[in-house]
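So you can see what is in the structure, the chains are spelled out below.
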Amino acid sequence: MSMLNFSVEFLLILLTLALFLSIKLIKWKRKQLKLPPGRQGWPFVGETFGYLKPHPATSVGHFMEKHLSRYGKIYRSNLFGEPTIVSADAGLNRFILQNEGKLFECSYPSSIGGILGKWSMLVLVGDMHREMRIISLNFMSSVRLRSHLLPEVERHSLLVLRSWIHGSPFSALEEAKRFTFNLMAKNIMSMEPYEAKTEKLRLEYITFMKGVISAPLNFPGTPYWKALKSRSNILDVIEQKMQERMQEMREQERDEEVDDLLSWVLKHSKLSKEQILDLLLSLLFASHETSSVALALAIFFLESCPKAVKKLQEEHKEIERKKLQRAETSLNWEDYKEMEFTQCVINETLRLGNVVRFVHRKVLQDVEYKGYKIPCGWKILPVFATVHLDPSLYDDPHQFNPWRWQKNGVTSATTNNFMPYGGGPRLCAGSELAKLELAVFLHHLVLSYRWELAEPDQPLAFPFVEFPRGLPIKVYPNI
Ligand code: HEM
Ligand SMILES: *[C@@H]1O[C@H](CO)[C@@H](O)[C@H](O)[C@H]1NC(C)=O
C-alpha cells in the first residue's frame, strides 16, 4: 500500500516537473522567435513619408521595392505613429483576414474615424460591426441585385454615357464618379441624378475624400479641417432626408413604399439617428470612391489594349443581339452572366490597378508566423498590391492581360492570391455590386464608343489611386 502511494506521489512529482520544463522550453523558444527585420526610421513619423510616397499604381513603389529586397516579404517599420509589421506575404495576408476578431482586428488611424464617424463600418468592430454588415449585405443581396440594382445600374450608365459629346475632351474619372455617386445616392436615399441637391452633395464628397487621405491636422484651411466641415454638410443633407422620410412614414403620404436603404433602416433596424447617419455617409463613401476609380482604371488599361476592346465588343454585340431577339430593351440577369470575358477584364483591372492597396489591422495576441514573432499590440498592414504584382505569382505582372483569367488557362495561384476586396469577416460588402456596375457600364461603353486619351495621364497611388489629370479622354461613335 505505502509502496503504491509512494510511486503515485513520485509520478506526480515527475509529471509536474515535466510540465514545468516544457512550459519553460516553450517560453524559451518563444523568446528565440525574432521580430521580422526592419528599422524604426525617424522619431515619431518613422518611415511613414517613404511608405506613403506617390508612385505609379501599376508598380509596388520605390519604398516597397527597397524594403522587399533588403528584408523580404515580412518586415517591421514604424508607420502612422505606431510600431508596424508590413506583410507582402500572400499566406500571412490571408491568415490575418481570416482571423479577424480573434488574432487580429480592424484598426484604422483615428483620423479616419474622425471623418467617417465612430459608427462607420470601417472603424466598428465586434457585434456592432456585425449588425451594420448584415444591413449592408441585405441591401445588396443577390435578389436585390437581380431585380432592382441591375436595371438601376443600366439606367445610370446610359444617363452618363449619353451625355458625352463626341470629339471634345472630358475627365473620364469625373464621369465615373458621377455614375457611381448618382447610382448610390439614388439607392441609398432616393436622390435623383443631376438635381441641384445631388450635385451639391457630390461636390462635398470630393472635399471629403481629400481629408480622408490627408494628414489629420485640424486647423483652419487644412484638408482635414475642410473635410470635417464637409462631413457636417453631408450629414445635414442626410439628416434632412431622414426627417422628411420619417414624416412621410408617419403620415403615410406615399402609397407605395420607398425602396431605398434609408427606408429600410428606419423600418427594420433599431439603430439610433446618429448611427444611421454614419452608416449612410460611410456607405456612400465606400461605394462610390472605389468603384469609380476601378472604372476609370478599366477605361485607361483598355485604351492601350485594342485586342481586349475588340474581344469585349464581340462579347457584348452577341449579348445585344440576343436581347434584341427577345424584343427587350434592357439587360437581364442571364445577359449579365454571359459577360465572361468582361469579368476577366474586371479582375485584371483590379489586379494591376489595385484600388485598395492595403488595409489596417492590429495584433490582438502574440502570433508566430514563418519563425517570426508578430507581437501583440502592434499594427499590421496586409498589402495586397505587392502580392498582385509579384512576378513569382503572376507572369509578366506589369502587363494588362485579361486572358490570364480565362477559364481554361487560369491557375490556382492566380485566383488564390487575388484579394482586391479583402477577405474573411470583413470582405467587401459591395463586391458583387461593384462587378455589376463595371460590367454593365463597359457593356454600353464598348457598344457606343471608341475612345482615346486626350492628354497623357496615368494612375498614381497616393496610396489611394488617382489620375493626376482626371484621365482626359475623347470619344467617337462606334460604327
Ligand atoms: C471595385 C470596387 C471596390 C473595391 C476594390 C472594394 C474594396 C474593399 C476592401 C478591400 C474592403 C475591406 C476593408 C478592410 O478589410 O479593412 C472593403 C470593405 C467594404 N466595402 Fe468595398 N470595395 C469596392 C466597392 C464597394 C461598393 C460598390 C460598395 C457598396 C456599398 C462597398 C462597400 C463596402 C463595405 C460596406 C465594406 C465594409 C465591410 C465590412 O467591414 O464588413 N465596396 N471594400
Ligand atoms: C475573379 O476573381 C475572383 C476572386 O475575387 C474569382 O473568384 C473569379 O473566378 C475571377 N473571375 C474570373 C473570370 O477569373
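Conventions we followed
Residues numbered from 1 in each chain as written. Chains lettered and ligands numbered in written order. Predicted model: local features only at pLDDT ≥ 70, side-chain atom pairs only at ≥ 80, totals over all residues. Heavy atoms only, no water. Helix = DSSP H or I, 4+ residues; strand = E, 2+ residues; numbered from the N terminus. Rg over C-alpha atoms; globule rule 2.2 N^0.38 Å. Buried < 20%, exposed > 50% of the residue type's maximum accessible area, 1.4 Å probe, protein only. Contact = heavy atoms within 4.5 Å. Areas by Shrake-Rupley, 256 points an atom, 1.4 Å probe, with all protein chains shown as cover. Lys, Arg positive; Asp, Glu negative; His and termini not counted. Charge placed at Lys NZ, Arg CZ, Asp CG, Glu CD. Axes fitted to C-alpha atoms, helices over the stretch in contact; angles between N-to-C directions. Left-handed = near helix turned anticlockwise from the far one by under 90°. Nonpolar A, V, L, I, M, F, W, Y, C, P; charged D, E, K, R; others polar. Salt bridge = Lys/Arg side-chain N within 4 Å of Asp/Glu carboxyl O. Near = heavy atom within 4 Å. Polar contact = N/O pair within 3.5 Å; in protein donor to acceptor, adjacent residues only side chain to side chain. Disulfide = S-S within 2.5 Å. Donors = N, O, S within 2.8 Å, 3.2 Å for Na, K, Ca; no water. Pairing = 2+ DSSP bridges. Phe/Tyr/Trp six-rings, centres within 6.5 Å; stacked < 30°, edge-to-face > 60°. Lys NZ or Arg CZ within 6 Å of the ring centre and 35° of its normal.

Engineer: Help me understand the overall build of the protein chain, please; the structure alone is not making it clear to me.
Structural biologist: Scanning the protein chain from N- to C-terminus turns up 18 helices and 13 strands. At 26 Å, the protein chain has a C-alpha radius of gyration in line with the 23 Å of a compact globule built from 479 residues. Principal-axis analysis of the C-alpha atoms places the extent of the protein chain at approximately 95 × 60 × 55 Å. Within the protein chain, the proportion of its 479 residues that are buried is 52%. Counted over contacts in the protein chain with a minimum sequence separation of 6, partners at least 24 positions apart contribute 73%. As presented, the protein chain carries roughly 23,400 Å² of accessible surface, and 58% of it is formed by carbon and sulfur atoms. The averaged location of the 53 negative side-chain charges in the protein chain is 7 Å from the averaged location of its 61 positive side-chain charges.

Engineer: What should I look at first to understand unusual backbone geometry in this one?
Structural biologist: With glycine set apart, most residues show a phi of negative sign, and most peptide bonds adopt trans. With an omega of 10°, the peptide bond between Phe 462 and Pro 463 qualifies as cis. Among the structural elements, Pro 463 can be located in the loop between β11 (460-461) and β12 (465-466). At Tyr 194, a position not held by glycine, the phi torsion is positive, near 65°. Of note, Tyr 194 is situated in the loop between α8 (172-189) and α9 (196-212).

Engineer: I would appreciate a short explanation of the packing of α9 against helix α10 (residues 223-251) in the present structure.
Structural biologist: Two numbers describe a pair of packed helices, the interaxial angle and the distance between the axes. Put simply, α9 and α10 touch, their axes get as near as 8 Å, and they point 145° apart. For the crossing formed where α9 meets α10, the hand is left-handed. Contact residues: Lys 197, Leu 201, Glu 204, Tyr 205, Thr 207, Phe 208, Lys 210 and Gly 211 in α9; Pro 223, Tyr 224, Lys 226, Ala 227, Ser 230, Arg 231, Asn 233, Ile 234, Val 237, Gln 240 and Glu 244 in α10. By residue class, the composition of the contact of α9 with α10 is eight nonpolar, five polar and six charged.

Engineer: Help me understand the pattern of salt bridges, please; the structure alone is not making it clear to me.
Structural biologist: Pairs may arise between side chains of opposite charge once their charged atoms sit close together. For the coordinates displayed, the defined rule picks out 32 salt bridges. A salt bridge links Glu 192 to Lys 186; the nearest nitrogen and oxygen atoms lie 2.9 Å apart. A residue is classified by how much of its surface remains accessible, and Glu 192, at 28% relative accessible area, is partly exposed. Among the ionic pairs, Asp 260 bridges to Arg 245, the shortest N-O distance being 2.8 Å. With Asp 260 in the loop between α10 and α11 (261-268) and Arg 245 in helix α10, the pair connects residues that are 15 residues apart, well separated along the chain.

Engineer: How do you make sense of the site of ligand 1 when you look at a structure like this?
Structural biologist: Around ligand 1 sit 25 residues in total, of which Tyr 108, His 129, Arg 133, Arg 361 and Cys 428 are the nearest. Taking Tyr 108, its side chain carries an N or O atom lying 2.6 Å from an oxygen atom of ligand 1. The contact in question runs from an oxygen atom of ligand 1 to an N or O atom on the side chain of Arg 361, over 2.6 Å. Broken down by secondary-structure element, the contributors of at least two residues to the shell around ligand 1 are α6 (126-139), α12 (273-303) and α18 (431-448). Counting residues per element, the shell around ligand 1 draws most heavily on α12, at six residues. Its residues assigned to classes, the shell around ligand 1 shows 15 nonpolar, six polar and four charged.

Engineer: Would you mind going over the site of ligand 2 with me for this structure?
Structural biologist: Around ligand 2, the structure places Gln 343, Cys 344, Asn 347, Trp 405 and Phe 418. Interatomic distance of 2.4 Å between a side-chain N/O atom of Asn 347 and an oxygen atom of ligand 2. Measuring from an oxygen atom of ligand 2, one finds a backbone N or O atom of Trp 405 at 3.2 Å. Protein chains bury 60% of the 360 Å² of accessible surface belonging to ligand 2 in isolation. Grouping the constituent residues of the shell around ligand 2 by class yields three nonpolar, two polar and no charged.

Engineer: How should I be thinking about the environment of Ile 319 in this particular structure?
Structural biologist: Its location among the elements puts Ile 319 in helix α13 (residues 306-325). Look at Ile 319 and you get buried, because its relative accessible area is 1%.

Engineer: Please clarify how the state of the cysteines should be interpreted in this entry.
Structural biologist: By definition, a disulfide links the sulfur atoms of two cysteine residues through a covalent bond. Here the structure, examined in full by the defined rule, presents zero disulfides. In this structure Cys 344 is a free cysteine whose sulfur lies 12 Å from that of Cys 305, the closest cysteine sulfur available.

Engineer: What should I look at first to understand the coordination of the iron atom of ligand 1 in this one?
Structural biologist: Ideal values for angles at a metal depend on the geometry: 109.5 degrees with four tetrahedral donors, 90 or 180 degrees with six octahedral donors. Just one protein ligand coordinates the iron atom of ligand 1, and it is Cys 428 (SG) at 2.3 Å. With respect to the helices and strands, Cys 428 occurs in the loop between α17 (412-416) and α18.

Engineer: In this structure, what is going on with the sheet that holds strand β10 (residues 449-453)? I would like to understand it.
Structural biologist: Ordered by their spatial adjacency, three strands build an open sheet running β5-β13-β10, and the pairing between neighbours is antiparallel. In this open sheet, the two edge strands, each paired with only one partner strand, are β5 (170-171) and β10. Relative to strand β13 (residues 472-477), β5 runs antiparallel, the two sharing two bridges. Paired with Phe 170 across the two strands is Ile 473, which belongs to β13. Most of the contacts of α18 go to β10, to which it runs at about 90°, and overall it touches β10 and β13.

Engineer: I would appreciate a short explanation of the packing of aromatic side chains in the present structure.
Structural biologist: Each aromatic ring pair is summarised here by two numbers: the centre-to-centre distance and the angle between the ring planes. One pass over the full model with this rule turns up 20 aromatic pairs. Ring geometry for Phe 181 versus Tyr 205: centroids 5.6 Å apart, planes at 55°, classification tilted. Here Tyr 205 lies in helix α9 and Phe 181 lies in helix α8, a separation of 24 residues in the sequence. With respect to burial, Phe 181 and Tyr 205 carry one shared label: buried. Its end group placed over the ring of Trp 403, Lys 307 keeps NZ or CZ at 4.7 Å from the ring centre. The ring centre of Tyr 394 lies 5.3 Å from the NZ or CZ of Arg 351, which sits over that ring.

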